Amino acid sequence: MDIRRSEGSVEGAFRDRPGDPYNPDRHDVGSDGSLFGGVGALCAAAVRLTGADGAALALLGRTSQARELVYATDATAQQLDELQFVIGEGPCIDTYRRGERQLWPDLTATPATTRWPVFTAELLTLGVRALFAFPVPSGDATVGVLELYRMSSGRLSAVEQDSGLACAAAVGHMIGADLDRLADTEALAATDPAGEEFSRAVIFNAAGMVAVQLAVSADEALARLRAYCYANGRSISAVAADIVARRLSLHDQRDSSEGQGR
């Protein structure tokens, strides 16, 4: 598919914008001149071209295993990504691991509820009925995922699928060498405040504090933090903020065997 010239293509979504979003030297296609503005514009284009109700973009830096939500078009898209981050299952995770699109037009159907029983149960309470995830490529690697959702069941047409792939490819093309800087939203927020809303830096800071409180590894601490949030029905961002501000400690959840020999 020629993403520059197809009818209803990503190029068409930017036809009224100054400059060429596919210029290899151009990284800020947003009208506000920022990298986040460019990502936001591409997410909005993906929603419009696929008939989705919202979109989110999650990236991993080449040197970091910390998955970051970079942009979400609305609160539901943000909740969908956080839910997958907390539970550890869902189309976004499968797409990143396999480098293949995940198309789930009916999340109430048995294939979806069997594959992700916990995720779909939580998802349906938000009113979401369809979810589509497209890999964001950079060279030969998948560096992130473009997630699209609908509040009603229904398949993407072939043209809509092509549009989703094209938008994901455009994101990978646009961010180029800025991938690691964009994935590190804490650092990027210092120069582009738009990124602060989606940064998970506070979550990883909180996980570090939990690691000390429970005398476990950083990975185990993040897993325990996720489990605490799910068990208590709280947002991981809110819990992390409480931990960092020392309003909450998980020290009382430390097992008697943890930390022995240290």
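Above this text is the structure in question.
Residues numbered from 1 in each chain as written. Predicted model: local features only at pLDDT ≥ 70, side-chain atom pairs only at ≥ 80, totals over all residues. Heavy atoms only, no water.

**Overview of helix 3 (residues 75-87)**
Logical step 1: For helix 3, spanning 13 residues, the distance from its first C-alpha to its last is 18 Å, which sits close to the expected 18 Å at 1.5 Å a residue.
Logical step 2: The opening residue of helix 3 is Asp-74, an N-cap whose side-chain oxygen sits 3.0 Å from the backbone nitrogen of Thr-76.
Logical step 3: One or two positions beyond helix 3, positive phi appears at Gly-88, with a value near 85°. (Helix = DSSP H or I, 4+ residues; strand = E, 2+ residues; numbered from the N terminus. Expected span 1.5 Å × (residues − 1). Polar contact = N/O pair within 3.5 Å; in protein donor to acceptor, adjacent residues only side chain to side chain.)

**Some words on the pairing of strand 4 (residues 130-138)**
Logical step 1: Of all nine residues making up strand 4, eight are buried, and the element is well covered by its neighbours.
Logical step 2: Judged from the three bridges that link them, strand 3 (residues 102-104) and strand 4 form a sheet pairing that is antiparallel. Counterpart to Gln-102 in the pairing with strand 4 is Ala-133.
Logical step 3: Of the strand pairs in this sheet, strand 4 and strand 5 (residues 141-150) are connected by nine bridges, and their pairing is antiparallel. Pairing of Leu-131 across the sheet is with Tyr-149, part of strand 5.
Logical step 4: Hairpin connection of strand 4 to strand 5: two residues between the antiparallel strands, including Gly-139 at a positive phi of 65°. (Buried < 20%, exposed > 50% of the residue type's maximum accessible area, 1.4 Å probe, protein only. Pairing = 2+ DSSP bridges.)

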